[in-house]
Amino acid sequence: MAPINREQLAQLRQFVDLCKENPAVLHMPELHFFKDYMESLGATIPKMPSEPEEEPKPEQQPEVQPEVQPEEITTEPEETPNPPSTEKSESEESDIELDNSGVIEPDSDEPLPTGDESKDVTDEMIEESNEKRSQAMSVASEGKFEEAINLYTEAIQLNPQSAALYAKRAGLFLKLQKPNAAIRDCNKALELNPDQPVAYKFRGRAQRLLGNWVEAAKDLSTACKLDYSEEANEWLKEVTPNAKKIQEHKRKYERKQEIKLLKEREEKMKKIQEEREKAAKEAQEQQQKAGDFGGFPGGMPFTPNIQQILQDPEIVQAFQDPEVAAAFGDITRNPANISKYQSNPKVQRIVNKIASKMGGSMPNFN
């Protein structure tokens, strides 16, 4: 048997880790020989997600499918710089009866350091990172979660492009009841690999611990679609009742808001219409008053010629000006006073217009 050198062994270990994270690679045509070999040894190769599955056995698949589908839940964008707040909007959730058992206070620890993603990761670094990961899994199995987190942090610094390392560390944060820290790691894992099922699963659990029921249902439902697990489905069923209550309440609230806005719009239009009708009525009353008062302001007698003049909108509008009305009252009492207003453009313009309608001269008011 030919010896296996260290570089080949590191590559083999990297390939095995890849298969653990994404068993679907074993269905690649190029790896058909390896898949056949594994099955000849009695190994069970997971089916491709798109392949039809056999009738589920009771011990393999639950009797019911996930109760909440991703498209049924409306949430904010999945990845946010800061963990979601646990405060509930008064307009949305203040009057909902929710089962908040198991909700804990949010943690506020500083984020742990990460590696430099821009640097080139060598095979030696990957091998050393995998060794740290193995050590972390070992001490975690003994319940030493803090020590395991430190080892995962060292592994991440060596291989900062591994989504699986962030997802695994997030799981340990959950065991220490630190959901915000878990969400940060899951967000980073999904940034590196948007189809990381473990990251969706652990982020969904962290959202549940914070009481963010809708976000939890969305993440856990996505996790079940990407890589079904009994644990993720149980967590999904746990958060579904609260998520549905919030969703239904939100729909009712939005409908009430729409009705409120519609009523406000109708009232506004009604008010505008009333103001228009009032203005039109006042204008009509003013026009009637100008035609019915028996002459111009100041006692100017009413004649057929004057009636024609009063049908001119500009002249009627001008007589609403107290200065013009007073001037014409003065002229009515003494036509010679017209000379007093030759320097007043407002009065002179109306005098000229009346004169033009009367054939070039002011009407005889006597």
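Treat the numbers as computed from the prediction; the structure is a model and nothing was measured. (Residues numbered from 1 in each chain as written. Predicted model: local features only at pLDDT ≥ 70, side-chain atom pairs only at ≥ 80, totals over all residues. Heavy atoms only, no water.)

**Q** Summarise the confidence of the model for the protein chain; cite the residues concerned and give the values.
**A** Low pLDDT marks regions whose predicted coordinates should not be analysed in detail. Confidence along the protein chain averages 78 in pLDDT terms, with 71% of residues attaining 70 or more. The low-confidence segment residues 50-72 (pLDDT under 50) makes 36 contacts with residues lying over four places distant or belonging to another chain. Note on residues 291-304: pLDDT is under 50 here. Beyond four places in sequence and across chains, it has 30 contacts. (pLDDT = per-residue confidence, 0-100. Contact = heavy atoms within 4.5 Å.)

**Q** Before we move on, can you summarise helix 6 (residues 163-175) with the specific residues and values?
**A** Over its 13 residues, helix 6 runs 19 Å from end to end, which matches the ideal 18 Å to within 8%, given 1.5 Å per residue. Of all 13 residues in helix 6, 11 are buried; the element is thus mostly enclosed. Inspection of helix 6 places Ala-163, Ala-164, Leu-165, Tyr-166, Ala-167, Arg-169, Ala-170, Gly-171, Leu-172, Phe-173 and Leu-174 among the buried residues, and these make up the whole buried set. Among the residues trailing helix 6, Gln-177 stands out with phi positive, at a value near 60 degrees. (Helix = DSSP H or I, 4+ residues; strand = E, 2+ residues; numbered from the N terminus. Expected span 1.5 Å × (residues − 1). Buried < 20%, exposed > 50% of the residue type's maximum accessible area, 1.4 Å probe, protein only.)

**Q** Can you break down helix 9 (residues 213-226) residue by residue, with the values?
**A** With 14 residues, helix 9 should reach 20 Å at 1.5 Å per residue; the first-to-last C-alpha distance of 20 Å fits that figure. Counting buried residues in helix 9 gives 11 out of 14 residues, a clear majority hidden from the surface. The set of residues buried in helix 9 consists of Trp-213, Val-214, Ala-216, Ala-217, Lys-218, Asp-219, Leu-220, Ser-221, Thr-222, Ala-223 and Cys-224.

**Q** With reference to specific residues and values, describe the pattern of salt bridges.
**A** A side chain of one charge can pair with a side chain of the opposite charge if their charged atoms are brought near each other. On inspection of all chains with the given rule, the structure shows 19 salt bridges. For Lys-188, the salt bridge goes to Glu-117, with nearest N and O atoms at 2.3 Å. A residue pair is termed long-range when its members are at least 10 positions apart, and Lys-188 in helix 7 (residues 179-192) and Glu-117 in the loop between helix 3 (90-93) and helix 4 (123-141) qualify at 71 residues. Under the relative-accessibility criterion, Glu-117 is labelled partly exposed at 30%. For Glu-191, the salt bridge goes to Lys-188, with nearest N and O atoms at 3.3 Å. Pair noted here: Glu-191 and Lys-188 are both in helix 7, with a separation of 3 residues, about one helical turn. Residue classification places Glu-191 among the partly exposed residues on the basis of a relative accessible area of 49%. One network of salt bridges, in which partners are shared, links Asp-109, Glu-146 and Lys-178. (Salt bridge = Lys/Arg side-chain N within 4 Å of Asp/Glu carboxyl O.)

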